[in-house]
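Each chain is listed here by its residues.
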Amino acid sequence: MRDLRILFPTRDGRDTVKAIDGMDFEVCAGETFGIIGESGSGKTTLGRALVSLLPPSHGKILHDGTDPAALGISAFRKHRRDYQIIFQDPNAALNPRMTIIDSVVEPLEIMGEGDHASRHRRGIEVLERVGLAAEAADRYPHQLSGGQKQRVNIARVLTLRPKVIVCDEVVAALDVSIRGDVLNLFADLQREFGLTYVFITHDISVVSHISDRIAVTYLGKLMELGPAEDVVEHPLHPYTRALLSAEPVPLPSHLRVDRRIILEGEIPSPVAPPSGCRFRTRCPSVQPRCANEVPAWRDVKPGHRVACHFATADGPPPDNQKAQRAS
Amino acid sequence: MTGVIDISAPTSARVAGMPDAGVSPQPPLLEVRDLSLSFATARGALPITRNVNFTIAPGERVGLVGESGCGKTVTGLSLLRLLPPQSARIQGDILFNGTNLATLSPRRMRAVRGREIAMIFQEPMSALDPVFTVGDQISEAYRIHFPVSRAEGRERAIAALREVGIPAPERRCDEYPHQLSGGMRQRVMIAMALICKPKLLVADEPTTALDVTVQAQITDLLRSLSERTGTALIFITHDLGVVAETCTRMITMYAGEVVEDAPVDDVLTRPRHPYTSGLLRSLPGLSKRRGVLTSIPGRVPSPNAMPAGCRFRSRCTHVVAGCEQSQPMIEIESGRTARCWRAPELVLPGAVN
């Protein structure tokens, strides 16, 4: 098992915006690791840091045992081709003045691989692999639909045969009807090339569908991490529980269970996060202890970690209001 | 506030004869008849929507769904005549309380906009003016229609902010849009839209830019305000979950046409148009975890190359000879229509198995 370890405590950005403030976890080779959280929880920053687009201010990210920050320039350039990222907006990621094939082979050109003809061949191969006809190669981005453009972005990342792909909200800009296609493609490519994915999204239904394990972030910290099914079916952190319940379900009224927990307010500013547990200002189960003490990042069940003083293997602590009503 | 949509029991504020299956004993609030829209381009008129028909009863909450480019936003905009008059051509009737908005003079239209029908948009930051306080902007919306003093306008704005659940409204009233978060801004938009107590609110993707937790707050707010004040709601969205939790009826649009119109619970259980069924089946939450996701093959035909007959034909798995004939909306049962001649015989999967 080639274990990819990413240790990541404390990153203080400019103006000490604590975008990521002490996270540690590891992503295993060949798995799909989902990261969910609200906007402002540090998901995107984390994704960028994972592929060395942002240097960590503290702590380390280890790729397969090596610290990319410690490598020399040329070694680093060789190294980073294994760690690629795909962004949310398929339009912004493609140069409107370059043909599709030029965009797809550009990474190979930068790496100085092969000659022009072999790069071109490889580009066409990859385009076909992601389900685009060879005719698309000579078109420009504006001639393609959103789903096709996202396929192009996947193709250009694949040309480098990376080990790890960070997918930052890759299907958020696509219509539901084609989202399925793109997600199926990701799954096929993973089987074929043994890829490792880090899937960053705010869409719970997407993340729970494709991930092996899910991490829940809130204000730069991890709140919960565990096997996907466990996290979705039996969340342990009050935040995860609330997040899951807020997801609108397209079910007729007689089949819908009303377990909605409406969180008050919005995510606080990362410049001055609350003391103790960061979620306490919105937590329906808050206790005095939460303000004073930062909850430990602990294993509650095997492979299922949570940062809450009161969570147990049976689930999150009860809602204060419900507890009051019961007594 | 429960997450359950209640169609059967009308709340006190709502009109007592709420239609139980869409057959309204009272005159509808809004009746859109054969609304067709086209945009003038260098290469001639480009048709965008064709013969859109629907009605909205007073106090009713209707979801308008479909993929991007299906014409839902332009339909919403055309109800308020917010499309550029130089390039947009509107044909058909928009009867609002008996008045045809499609032919109303710009002056009289201004009296309807904001007062009788209001609209909120997806991106609240671009809809708010950054150089005026939110209080100014909300009271402006009121003072355009009612001759009240500045001081009273401010009082009304504060009351409206309180109504939409903004804490410390007296203070927030004097703040500028950039000082508020996304969810707060959307609440400000709702306060502004509802300050004149309009009879109809058109909400165009009001929660798409927001986080799920905030989205839940905003949809709950819209639903409870609509129940309390009797304001009818047209909720334009691509999120079927949001429709299920907010609306009582769902209108599906595809390629510029209405393809299905049905009560929400019925359409989720048994959609009658293959496109609606396809949309429902594409939701990842409904497939087996890590299994293959369903999707609708192909893409929407472009507006200048619309096929004759059923426009969904090229992507439909139920296509047979006969689908190339033009497809009228047919009534399947009381209050349910679909634009598919095979609808009565097809058994299509919905959100539940």
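Residues numbered from 1 in each chain as written. Chains lettered and ligands numbered in written order. Predicted model: local features only at pLDDT ≥ 70, side-chain atom pairs only at ≥ 80, totals over all residues.

(A) Region of interest: the domain arrangement of chain B. All names here are of chain B. With domains assigned, chain B is organised as domain 1 (30-247) and domain 2 (270-338). On a C-alpha basis, the centroid separation for the pair domain 1 and domain 2 is 29 Å. At the interface, eight residues of domain 1 touch seven residues of domain 2. Ranked by residues supplied to the side of domain 1 that touches domain 2, first place goes to strand β2 (residues 44-56) with four residues. For the side of domain 1 that touches domain 2, a count of residues per class yields five nonpolar, two polar and one charged. (Domains from an automatic or database assignment. Contact = placed C-beta atoms within 7 Å. Helix = DSSP H or I, 4+ residues; strand = E, 2+ residues; numbered from the N terminus. Nonpolar A, V, L, I, M, F, W, Y, C, P; charged D, E, K, R; others polar.)

(B) Structural view of the domain arrangement of chain A. Annotation of chain A at the domain level lists domain 1 (94-161) and domain 2 (236-326). Each of domain 1 of chain A and domain 2 of chain A was reduced to a C-alpha centroid, and the two centroids are 44 Å apart.

(C) Looking closely at the sheet that holds strand β1 (residues 30-41) of chain B. All names here are of chain B. Across the sheet, which stays open at both edges, the four strands sit in the order β2-β1-β4-β5 with antiparallel pairing between neighbours. Of all strands in the sheet, those with a lone pairing partner are β2 and β5 (99-100), marking the two edges. With eight bridges joining them, β1 and strand β4 (residues 88-96) adopt antiparallel strand pairing. Bridge assignment links S36 to a residue of β4, and that residue is Q91. Sitting on the sheet, helix α1 (residues 72-79) touches β1, β2 and β4, and the angle it makes with β2 is about 75 degrees. (Pairing = 2+ DSSP bridges. Axes fitted to C-alpha atoms, helices over the stretch in contact; angles between N-to-C directions.)

(D) Spotlight on the pairing of strand β7 (residues 213-218) of chain A. All names here are of chain A. Most of β7 sits inside the fold, with six of its six residues counted as buried. Of the pairings in the sheet, the one linking strand β3 (residues 32-36) to β7 comprises four bridges and is parallel in character. Residue I35 lies in a different strand from β7, and its bridge partner there is A215. Of the strand pairs in this sheet, β7 and strand β8 (residues 221-227) are connected by six bridges, and their pairing is antiparallel. (Buried ≥ 20, exposed ≤ 12 C-beta atoms within 10 Å, placed from the backbone.)

(E) Quick look at the interface of chain B and chain A. Between chain B and chain A, the residue contacts involve 44 residues of the former and 36 residues of the latter. Elements with a minimum of two residues in the side of chain B that touches chain A: α8 (212-229), α9 (240-246), α10 (264-269) and α11 (274-281) of chain B. It is α8(B) that provides the largest number of residues to the side of chain B that touches chain A, a total of seven residues. Of the residues contributing to the side of chain B that touches chain A, the split by class is 18 nonpolar, 17 polar and nine charged.

(F) Structural view of the confidence of the model for chain B. Residues and elements named next belong to chain B. When pLDDT is averaged across chain B, the result is 87; 92% of the residues are at 70 or more. For residues 1-24, every residue scores under 50 in pLDDT, and the model assigns this stretch 44 contacts once sequence neighbours within four places are set aside. Among the prediction metrics, the complex's ipTM stands at 0.80, with pTM recorded as 0.84. (pLDDT = per-residue confidence, 0-100.)

(G) Fine view of the environment of C70(B). Residue and element names in this part refer to chain B. Relative to the elements of secondary structure, C70 occurs in the loop between β3 (61-65) and α1. Along the primary structure C70 and Q215 are separated by 145 residues, whereas in three dimensions their C-alpha atoms are 23 Å apart. When neighbours within four sequence positions are excluded, C70 is seen to be in contact with M253, Y254, A255, G256 and V300.

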